Amino acid sequence: MNADDRNTLAGARVATRLPAQDLDRARRFYAERLGLHPVDERPGGLLYRGEGGAEFVLFRSTGTSPGTFTQMAFEVDDIEAVVTELKRRGVVFEEVDVPGFRTVDHVAEIDGNYPSKGARGERGAWFHDSEGNLLGVGQPVGQREKRRDGTRAPGHRQ
């Protein structure tokens, strides 16, 4: 970090904030459906921290989320296993079928990814929490991985 970056956001940690109209309902959803429990709390807020150190907060709000775009996502190693377990716990996944983007068994195959991630694509699934926030689950797809339909992921070299 250079001197110019010290007073900017370049060195800051990102922390997601998700609104909840009913914090008790949200706490139950995150615990029972997602298996997540707050590591700390204060009046009007619940702090969650993942194993990788990323944090997010559910905060009491009178506003509502439009739920029309992904507000937070979890990157996982095995999206099928995660989707199966979350469905078993009662999570309802979104189905999407628009030109160029379609889910099959709740999971979409997404071409392209950031080169720094070392992946050629991503597999994604989305669901709403109890408060209407749209959350995603994603799995980067490497060059050698096959899609569920047996085809190779984009960028695969034989």
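The structure contained in this document is the topic of the report that follows. (Residues numbered from 1 in each chain as written. Predicted model: local features only at pLDDT ≥ 70, side-chain atom pairs only at ≥ 80, totals over all residues. Heavy atoms only, no water.)

1. Looking at the nonpolar core
What counts, and what does not: What is meant by a nonpolar core is a set of buried Ala, Val, Leu, Ile, Met, Phe, Trp, Tyr and Cys residues, joined one to another through side-chain atoms within 4.5 Å. Exposed residues in this analysis have more than 50% of their type's maximum accessible area, buried residues have under 20%, and partly exposed residues fall in between, with area computed by a 1.4 Å probe over protein chains only. Only DSSP runs of H or I reaching four residues or more are called helices, and only runs of E reaching two or more are called strands; each is numbered from the N terminus. By definition in these notes, contact holds between two residues if any of their heavy atoms fall within 4.5 Å.
With 23 residues, the main nonpolar core has Tyr 30, Leu 34, Leu 58 and Phe 127 as its most contacted residues. At the level of secondary structure, the elements contributing two or more residues to this core comprise strand S1 (15-20), helix H1 (23-32), strand S3 (45-49), strand S4 (55-60), helix H2 (79-88), strand S9 (121-128) and strand S10 (134-141). In contact with Phe 127, not counting residues within four places along its chain, are Phe 29, Leu 34, Leu 86, Val 91, Val 92, Phe 93, Glu 94, Asn 133, Leu 134, Leu 135 and Val 137.

2. So, the sheet that holds strand S2 (residues 40-42)
Rules: The pairing criterion is simple: DSSP has to find at least two bridges between the two strands. Angles here are taken between N-to-C directions and fall from 0 to 180 degrees, while the axes themselves are lines fitted to C-alpha atoms, restricted in helices to the stretch in contact.
Pairing is mixed across the open sheet formed by four strands, whose spatial order is S1-S4-S3-S2. Each edge of the open sheet carries a strand with a single partner, namely S1 and S2. Within this sheet the neighbouring strands show an average axis-to-axis angle of 20 degrees, counted without direction. When S1 meets S4, the two strands line up parallel, connected through six bridges. By the bridge assignment, Thr 16 is partnered in S4 with Phe 56. The strands that H1 touches are S1, S2, S3 and S4; relative to S4, the one it contacts most, it runs at about 145 degrees.

3. Comments concerning unusual backbone geometry
Although it is not a glycine, Asp 105 adopts a positive phi angle of roughly 55 degrees. Structurally, Asp 105 can be placed in the loop between strand S7 (101-104) and strand S8 (107-111). Judged by its relative accessible area of 59%, Asp 105 is exposed. Phi at His 106 is positive, roughly 80 degrees, even though this residue is not glycine. Along the polypeptide, His 106 turns up in the loop between S7 and S8. Residue classification places His 106 among the buried positions, given a relative accessible area of 18%.

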